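The chain contents come next:
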Amino acid sequence: PSVVQKKIEALAGRRVVTLSAGEDHSLALAADGSVWSWGDGDYGTVGHGNRQGQVLPKKVEALGGGRVVAVSAGYDHSIALTAVGAVFTWGEGVNGAGGLGRLGHGVDLSNQLLPKKIEAFAGQR
């Protein structure tokens, strides 16, 4: 089978500067600092406040307060870094049977359906 490239129309007109692919979801970072996500929404992985999958890229509105400069999609979670040094994570909160937190929110191991700021980095530059 051959691979066919296809333009993602939902991102037309946006200059995408970075892409990241997780297990079942993807992130796009636009030049204006906006983050777009699509794919499997289990655990809140796409960051839209629910567990619904997203078949087309949709802006992650909960990051609207700051310009994002870097993103990364993990297995079932995502992370974003803003221009002022704030770090946000969302998605699956617990990593397997060992119960290790993967989102960086200390004893809060719950799944995060929306981006949540990691307080340990507050004030760091």
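Residues numbered from 1 in each chain as written. Predicted model: local features only at pLDDT ≥ 70, side-chain atom pairs only at ≥ 80, totals over all residues. Heavy atoms only, no water.

Chemist: Even after reading the chapter, I still don't get the overall build of the protein, so can you show me in this structure?
Modeler: In terms of regular secondary structure, the protein is built from zero helices and ten strands. Taking 2.2 N^0.38 as the reference for a compact globule, 125 residues should give roughly 14 Å; the C-alpha atoms of the protein span a radius of gyration of 15 Å, in line with that estimate. Here the C-alpha coordinates of the protein stretch approximately 45 × 35 × 25 Å along the principal axes. Counting only residues that meet the buried cut, the protein has 37% of its 125 residues in that class. Of all intrachain contacts in the protein linking residues separated by at least 6 positions in sequence, the fraction that spans at least 24 positions is 40%. Of note, the protein has its 12 positive side-chain charges centred 10 Å away from the centre of its 11 negative side-chain charges. (Helix = DSSP H or I, 4+ residues; strand = E, 2+ residues; numbered from the N terminus. Rg over C-alpha atoms; globule rule 2.2 N^0.38 Å. Buried < 20%, exposed > 50% of the residue type's maximum accessible area, 1.4 Å probe, protein only. Contact = heavy atoms within 4.5 Å. Lys, Arg positive; Asp, Glu negative; His and termini not counted. Charge placed at Lys NZ, Arg CZ, Asp CG, Glu CD.)

Chemist: Help me understand the side chain of Thr 45, please; the structure alone is not making it clear to me.
Modeler: Position of Thr 45 among the secondary structure elements: in the loop between strand 3 (35-39) and strand 4 (54-59). A polar contact is formed between the side chain of Thr 45 and the backbone oxygen of Asp 42, at a distance of 2.3 Å. Among residues more than four places away in sequence, those in contact with Thr 45 are His 25, Asp 40, Asp 76, His 77, Ser 78, Trp 90 and Gly 91. (Polar contact = N/O pair within 3.5 Å; in protein donor to acceptor, adjacent residues only side chain to side chain.)

Chemist: In this structure, what is going on with unusual backbone geometry? I would like to understand it.
Modeler: With the exception of glycine, most residues fall at negative phi, and the peptide bonds are largely trans. Even without a glycine there, the phi angle at Tyr 43 is positive, about 70°. Mapped onto the elements of the fold, Tyr 43 is located in the loop between strand 3 and strand 4.

Chemist: Help me understand the pairing of strand 2 (residues 25-30) in this model?
Modeler: Regular strands show a simple pattern: their side chains alternate between the two faces of the sheet. With respect to burial, strand 2 is a largely interior element, six of its six residues being buried. Relative to strand 2, strand 1 (residues 16-21) runs antiparallel, the two sharing five bridges. Residue pairing for strand 2: Thr 18 is matched across the bridge by Leu 29. Taking the residues between adjacent antiparallel strands as the criterion, strand 1 and strand 2 are bridged by three residues. Two elements, strand 2 and strand 3, share five bridges in a ladder whose sense is antiparallel. Each bridged residue has a counterpart across the sheet, and for Ser 26 the counterpart in strand 3 is Trp 38. Counting the residues in the hairpin turn of strand 2 and strand 3 gives four residues, including Gly 33, whose phi is positive at 90°. (Pairing = 2+ DSSP bridges.)

Chemist: Where do I start with the sheet that holds strand 6 (residues 77-82) in this structure?
Modeler: Pairing within the open sheet is antiparallel, and its four strands lie in the order 5-6-7-10. Whereas interior strands pair on both sides, the edge strands pair on one side only; in this sheet they are strand 5 (68-73) and strand 10 (112-117). Direction aside, neighbouring strands of the sheet carry axes that sit 15° apart on average. As judged from the five bridges shared by strand 6 and strand 7 (residues 87-91), these two strands associate in the antiparallel manner. When the sheet's bridge partners are listed, Leu 81 is paired in strand 7 with Val 87. (Axes fitted to C-alpha atoms, helices over the stretch in contact; angles between N-to-C directions.)

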